Amino acid sequence: MSKNTEIMKAEIDLMENAMYLVCDGHLTKVRAKEFGSTEIAWKDGKWLDVIQHERQRNCGQDVI
């Protein structure tokens with residue numbers, strides 16, 4: 001990911017699975033998880049929190 005702050009554009013790798021959040025010109029990358037979900041909390045039109053939930057898939061394991 002490269003940034004040019006003069007014209008406020010960012011270049012991202014489209015081959016990487018990720019989500020990008022922008023707030024007041026600041027870019028934050030949220031990496032993809034293998035399992036689970038991610039929620040974004042918004043306040044006054046800006047993202048405030050990233051809430052990530054992890055899920056354990058049943059694969060016949062004895063202990064989780």
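Rules used in this analysis
Per chain, the residues get numbers from 1 upward, laid out in the order the sequence is written. Per-residue local features of the predicted model are confined to residues with pLDDT of at least 70, and side-chain atom pairs are confined, for both listing and counting, to 80 or more; whole-chain, interface and lining totals are unaffected and use all residues. As a rule here, side-chain values cover all heavy atoms of the structure and leave hydrogens and water aside. Only DSSP runs of H or I covering at least 4 residues are called helices, and only runs of E covering at least 2 are called strands; the numbering of each starts at the N terminus. Each radius of gyration reported is based on C-alpha atoms, and the globular scaling rule is 2.2 Å times the count of residues to the power 0.38. Throughout this description, buried means an accessible area under 20% of the type-specific maximum (1.4 Å probe, protein chains only), exposed means over 50%, and partly exposed covers the range between. One bridge is not enough; two strands pair if DSSP finds at least two bridges between them. Per-residue confidence from the prediction method is given by pLDDT, with values spanning 0 to 100. One side-chain nitrogen of Lys or Arg within 4 Å of one carboxyl oxygen of Asp or Glu is enough to make a salt bridge.

Looking at an unreviewed UniProt entry, one finds the chain named DUF3954 domain-containing protein, with Sporolactobacillus shoreicorticis as its source organism.

Q: Any chance you could break down the overall build of the chain for me, citing the residues and the numbers?
A: Summing up its helical and strand segments, the chain has zero helices and six strands in all. The globule rule puts the C-alpha radius of gyration for 64 residues at 11 Å, and the 16 Å found for the chain is more than 25% above it. Summarising its shape, the C-alpha atoms of the chain cover approximately 55 × 30 × 15 Å along the three principal directions. Looking at the 64 residues of the chain, the share that counts as buried comes to 6%.

Q: Residues and numbers for unusual backbone geometry, please.
A: Among all residues except glycine, the phi angle is most often negative; among peptide bonds, the trans geometry is most common. At Met8, a position not held by glycine, the phi torsion is positive, near 55°. Secondary-structure assignment places Met8 in the loop between β1 (2–4) and β2 (9–11). Positive phi values are uncommon outside glycine, yet Asp24 reaches one of about 55°.

Q: Outline the pairing of strand β5 (residues 37–43), supporting the account with residue identities and numerical values.
A: Across seven bridges, the pairing between β5 and strand β6 (residues 46–53) is antiparallel. Looking across to β6, one finds that Ser37 is bridged to His53.

Q: With reference to specific residues and values, describe the environment of Arg31.
A: The topology assignment puts Arg31 in strand β4 (residues 26–31). The class of Arg31 is exposed, set by a relative accessible area of 61%.

Q: Kindly report on the confidence of the model for the chain, identifying the contributing residues and their values.
A: For the chain, mean pLDDT is 87; residues scoring 70 or higher make up 95% of the total. Averaged over each element, pLDDT in the chain is lowest for β1 (68) and highest for β5 (94).

Q: Can you explain the pattern of salt bridges? Please cite residues and give values.
A: Evaluated as defined, the whole model comprises two salt bridges. With its nearest N and O atoms 3.1 Å apart, the salt bridge here joins Lys46 to Asp24. Residue Lys46 is located in strand β6, and its partner Asp24 is located in the loop between β3 (18–23) and β4; the two are separated by 22 residues in the primary sequence. What makes Lys46 partly exposed here is its relative accessible area of 38%.

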